[in-house]
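Examination of the molecular architecture
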Amino acid sequence: MTTTGAPAIEAVLFDFSGTLFRLEEHPSWFDGIHDANGTPVDGAGAAELMRRMTAPVGETVEFDDATRHAWRNRDLDPALHRQAYFHVLAQSGVTDPVHAESVYGRVIDADSWTPYPDTEGVLKKLAAESIRIGVLSNIAFDIRPAFVDRGLDRFVDEFVLSFEVGHVKPQPEIFRHAVTALGVDPAVTLMVGDSDEADGAAREIGCHFALVDPVPTSQRPDALLKALREFGIR
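Along each chain, residue indices are assigned from 1 in the same order as the chain's sequence is written. Where totals are concerned, whole chains, interfaces and linings use all residues; where local detail is concerned, this predicted model gives features only for residues with pLDDT of at least 70, and gives and counts side-chain atom pairs only at 80 or more. Hydrogens and water are ignored here; the side-chain numbers use all heavy atoms of the structure.

Per an unreviewed UniProt entry, the chain goes by the name HAD family hydrolase and belongs to Rhodococcus cerastii.

1. Quick look at the pattern of salt bridges
The salt bridge criterion pairs a side-chain nitrogen of Lys or Arg with a carboxyl oxygen of Asp or Glu, the two atoms within 4 Å. For the structure shown, the criterion picks out 14 salt bridges. In this structure, the salt-bridge partner of glutamate 59 is arginine 72, at a minimum N-O distance of 3.3 Å. Here glutamate 59, found in the loop between helix 1 (43-54) and helix 2 (65-72), pairs with arginine 72, found in helix 2; they are 13 residues apart in sequence, far enough to count as distant. Residue exposure (1.4 Å probe, protein chains only): buried if accessible area is under 20% of the type maximum, exposed if over 50%, otherwise partly exposed. We classify arginine 72 as exposed; its relative accessible area is 59%. One salt bridge connects arginine 82 with glutamate 101, and the closest N-O pair in it is separated by 2.4 Å. Residue arginine 82 is located in helix 3 (residues 78-91), and its partner glutamate 101 is located in helix 4 (residues 97-107); the two are separated by 19 residues in the primary sequence. Residue glutamate 101 is classed as partly exposed on the basis of its relative accessible area, which comes to 36%. Per the convention used, a helix needs a DSSP run of H or I reaching at least four residues, while a strand needs a run of E reaching at least two, with both numbered from the N terminus.

2. Focus: the packing of aromatic side chains
Stacked, edge-to-face and tilted are the three classes for Phe, Tyr and Trp ring pairs, Trp counted by its six-membered ring, which pair at centre distances within 6.5 Å; planes under 30 degrees apart are stacked, over 60 edge-to-face, the rest tilted. Scanning all chains against the criterion turns up nine aromatic pairs. Here phenylalanine 16 and phenylalanine 147 contribute two aromatic rings whose centre-to-centre distance is 6.0 Å and whose plane-to-plane angle is 40°, an arrangement assigned as tilted. You can see phenylalanine 16 sitting in the loop between strand 1 (11-14) and strand 2 (21-23) and its partner phenylalanine 147 sitting in helix 6 (residues 144-148), a full 131 residues away along the chain. Taken as a pair, phenylalanine 16 and phenylalanine 147 share a single burial class, namely buried. The structure contains a cluster of three or more aromatic residues connected by ring pairs, namely Phe16, Phe21, Trp113, Phe147 and Phe159. In this arrangement the basic side chain of arginine 74 is found over the ring face of tryptophan 71, its NZ or CZ atom lying 3.7 Å from the centre. Note on criteria: charge over ring means Lys NZ or Arg CZ within 6 Å of the ring centre, with the direction from the centre no more than 35 degrees off the ring normal. Across from the ring centre of tyrosine 116, 3.5 Å away, lies the NZ or CZ of arginine 220, which sits over that ring.

Okay, here's the thing in structure tokens:
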């Protein structure tokens, strides 16, 4: 996709998980953790567990009415987030509350999240060109420490987090909140994310959209830079 003749981009909104950062399991996270049958959770099992907990849309395990409500509203309420993730863990075999607490703690720990190789470069580039930057995430915990700990917070003009603003992607209200906070028009705003369903909904209010693949960080060295180039930011 090219944007010849389109207005110059004045702001970029980034999704967090699978776009700027990725939750990548470390073997030590699962030391001593086993499923209900006593089988250690490691290797492919640990990777699948992380996939189930970080899927941006859809249902990754079986739910009843109460747990489905928690899952669908997890990014609006920290208590529902915890309930939903503990259910996913239990359905995945991690039924020991102590083990579940340990794994869940990794999810909400800023130090557990790994930035993509080009995250810092992209944020620096945009800031140097005075292009406004927002991080727009469906999330139920504060992700700012992930940026602060790496010195990246100074590049971000606005954090728009679903549990703070009361709306989730793909609801148009959260995108309107973001562009208003940045003081820009949707027509000159680019949304970059890993879900066409959730992040791509920014197009409904007139934003541009670029899709990136939420693959492991080692497999995606420059997708963010490529996305910007598609919209004339070089």
